[in-house]
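# Fold and geometry: a report
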Amino acid sequence: MRAVVLTTYGGPERLSVSEVPEPAVPDPDGVLIRTAAAAVNPVDLQTRAGLHAGRSAVRPPMILGWDVAGTVTAVGEDVTGFRVGDQVVAMSAQMATGRGTYAETVALPADIVAPAPATVSLTSAAGLPLAGLTARQALDALALPEGATVLVTGAVGSVGGLAVQLARLRGLTVVAQVRSARDEDEVRALGADRVVVDEAHFPAACVDGLLETAGLPQAIGAVRDDGRAVSVVPTRVPAAERGIHVAVSYVEQDGPGLSALGSLVDDGSLRLRTAKELGFEDAPRAHRLLAAGGVRGKLLLLP
Ligand SMILES: NC(=O)c1ccc[n+]([C@@H]2O[C@H](COP(=O)([O-])OP(=O)(O)OC[C@H]3O[C@@H](n4cnc5c(N)ncnc54)[C@H](OP(=O)(O)O)[C@@H]3O)[C@@H](O)[C@H]2O)c1
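Given the structure is predicted, the values throughout are model-derived calculations rather than measurements.

### Topic: the overall build of the protein
If you tally the helices and strands in the protein, you get 8 helices and 16 strands. Taken over the C-alpha trace, the protein has a radius of gyration of 19 Å; the compact-globule value for 303 residues is 19 Å, and the two agree within 12%. The burial tally for the protein puts 55% of its 303 residues in the buried class. Restricting the contact set of the protein to residue pairs at least 6 apart, pairs at least 24 apart contribute 64%. Of the roughly 12400 Å² that the protein leaves accessible, carbon and sulfur atoms contribute 50%.

### Digging into the nonpolar core
Counting residues in each nonpolar core, the largest one holds 53 residues, and the members touching the most others are V150, V152, V164, V187 and L211. At 7 residues, the largest contribution of residues to this core is made by helix α4 (residues 129–142). Two domains each provide a minimum of three residues to this core, namely domain 1 (2–128 + 272–302) and domain 2 (131–248). Non-local contacts of V150, meaning those with residues more than four positions away in its chain, are made with L142, L144, A167, L172, T173, V174, V175, G209, L210 and L211. Core analysis: the next-biggest nonpolar cluster, separate from the first, contains 23 residues, V4, V5, L15 and I63 among them.

### Thoughts on the packing of α4 against helix α7 (residues 255–266)
Remark: α4 packs on α7, axes separated minimally by 10 Å, with the N-to-C direction vectors making an angle of 100°. Taken together, the axes of α4 and α7 lie roughly perpendicular to each other. In this structure, α4 uses P129, G132, L133 and R136 to contact α7, whose residues at the interface are G257, L258, A260 and L261. Of the residues contributing to the contact of α4 with α7, the split by class is 5 nonpolar, 2 polar and 1 charged.

### Comments concerning a nonpolar patch on the surface
On the surface, V237, V248 and Y250 cluster together to form a nonpolar patch covering roughly 250 Å² of accessible area. Mapped onto the elements, V248 comes out in strand β14 (residues 245–248).

### Focus on the pairing of strand β5 (residues 67–75)
Where burial is concerned, most of β5 is hidden: 7 out of the 9 residues are buried. Two elements, strand β3 (residues 30–39) and β5, share 6 bridges in a ladder whose sense is antiparallel. Bridging from a neighbouring strand, A37 pairs with A69 of β5. Of the pairings in the sheet, the one linking β5 to strand β6 (residues 87–91) comprises 5 bridges and is antiparallel in character. By the bridge assignment, G70 is partnered in β6 with V88.

### Here we look at the pairing of strand β10 (residues 173–178)
Most of β10 is tucked away, with 5 of its 6 residues classed as buried. By the bridge criterion, 4 bridges tie strand β9 (residues 149–152) to β10 in an arrangement that is parallel. Bridged to T149 within β10 is T173. Examined bridge by bridge, β10 and strand β11 (residues 194–197) share 4 bridges and lie parallel to one another.

### Let's talk about the environment of S92
Along the chain, the position of S92 falls in the loop between β6 and α2 (94–97). Residues S92 and E252 lie 160 residues apart in sequence; the distance between their C-alpha atoms is 8.9 Å. Dropping the residues within four chain positions of it, S92 is found in contact with G65, W66, T97, R99, T101, L108, I112 and Q253. Of the polar contacts made by the side chain of S92, one reaches the backbone oxygen of R99; its length is 2.6 Å.

### Details of helix α8 (residues 283–292)
Every buried residue of α8 is accounted for by A283, P284, A286 and H287. An end-on view of α8 places all buried positions within 160° of arc, on one side of the element. Just downstream of α8, G293 is the residue with a positive phi angle, here 80°.

### Focus on the domain arrangement of the protein
Per the domain assignment, the segments of the protein are domain 1 (2–128 + 272–302) and domain 2 (131–248). Computed over C-alpha atoms only, the centres of domain 1 and domain 2 are separated by 28 Å. Contact residues are listed per partner, giving 7 residues for domain 1 and 11 residues for domain 2. Across the domain 1/domain 2 interface, buried area totals approximately 760 Å², and carbon plus sulfur atoms make up 44% of it. A per-residue breakdown of the area domain 1 buries against domain 2 is headed by L128, R273 and R296, which together make up 63% of the total. At the boundary of domain 1 and domain 2, one finds 2 salt bridges. A salt bridge links D183 to R296, with the nearest nitrogen and oxygen atoms 3.0 Å apart.

About the criteria used
Residues numbered from 1 in each chain as written. Predicted model: local features only at pLDDT ≥ 70, side-chain atom pairs only at ≥ 80, totals over all residues. Heavy atoms only, no water. Helix = DSSP H or I, 4+ residues; strand = E, 2+ residues; numbered from the N terminus. Rg over C-alpha atoms; globule rule 2.2 N^0.38 Å. Buried < 20%, exposed > 50% of the residue type's maximum accessible area, 1.4 Å probe, protein only. Contact = heavy atoms within 4.5 Å. Areas by Shrake-Rupley, 256 points an atom, 1.4 Å probe, with all protein chains shown as cover. Core = buried A, V, L, I, M, F, W, Y, C linked by side-chain atoms within 4.5 Å. Domains from an automatic or database assignment. Axes fitted to C-alpha atoms, helices over the stretch in contact; angles between N-to-C directions. Parallel < 35°, antiparallel > 145°, perpendicular 65-115°, else oblique. Nonpolar A, V, L, I, M, F, W, Y, C, P; charged D, E, K, R; others polar. Patch = residues over 30% accessible without salt bridge, like charges linked within 9 Å, V, L, I, M, F, W, Y side chains within 5 Å. Salt bridge = Lys/Arg side-chain N within 4 Å of Asp/Glu carboxyl O. Pairing = 2+ DSSP bridges. Polar contact = N/O pair within 3.5 Å; in protein donor to acceptor, adjacent residues only side chain to side chain. Arc of directions from axis to C-beta. Buried area = accessible area lost by both parts, 1.4 Å probe.

Below, the structure written as structure tokens:
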């Protein structure tokens, strides 16, 4: 099968399409998925550059990618929840397991797989798993009561954009922070109640919680005394101050959680945004585009 293989750590040019052995049969508790699309995420760029090499048992040559949407082509003998032909999505913790999704066929344990939302294209569904689970689990960690106010930084990004929508669904009032006034309409359309433009004008000590996705530790200044902050950017975690509880959230594989997110897409309460669909051979370009910033919606790689 064809896959985008990272030959050695380095720049985007280290990604190339190669023929690699196709997984032949699934594990007893696993499924094989024929990929419709794999999404590109910041972690893929970080892994490619070797930034996670110290923490990961997986080494090049390897296949990158955490997000996949596709069709089940085989199921293991112990799997009851999926059948051949099902359209599914999954988030694979590639850095830990080596099971990358930039490949024509992906073999995954069935318990991290979920039905693909039926109301959007299968390719666009690839934008849901990693960003959606990150936003959902970070909001769980934030644990704000209904009616509380949350500041979401990087609100127009993949995690931020879904976090804004999920926070509203949890009955939170959302203050969305964006880099530029050009993004204001988009975050309001996602459900933001208030918008803060740029990083120099955080309101002081007025929100109950912070969900930090943009690497802006100073945003903690907006949190009230004894409030809560959760960061998904482990390299730029806000320092605790004024009794504020600060935590880092690392996304975990979660089939049932992903299934719940898919249901929200299908009932119209969660909107997915696709920036561009590119071919596997354009993986270096996709990495350059994401690194350059300004991408709104997911970059998807199609076999
Ligand atoms: N802990 C975890 O498990 C976990 C999971 C997923 C992601 N992450 C991390 O979370 C971060 C966000 O991921 P993502 O997938 O949402 O990335 P993304 O789609 O690239 O979104 C990041 C957003 O932040 C914006 N941003 C950057 N600097 C900003 C600033 N100063 N003010 C306002 N907005 C700013 C970007 O805007 P521009 O495009 O204009 O730069 C972009 O919209 C990344 O660092 C990623 O590595 C962590």
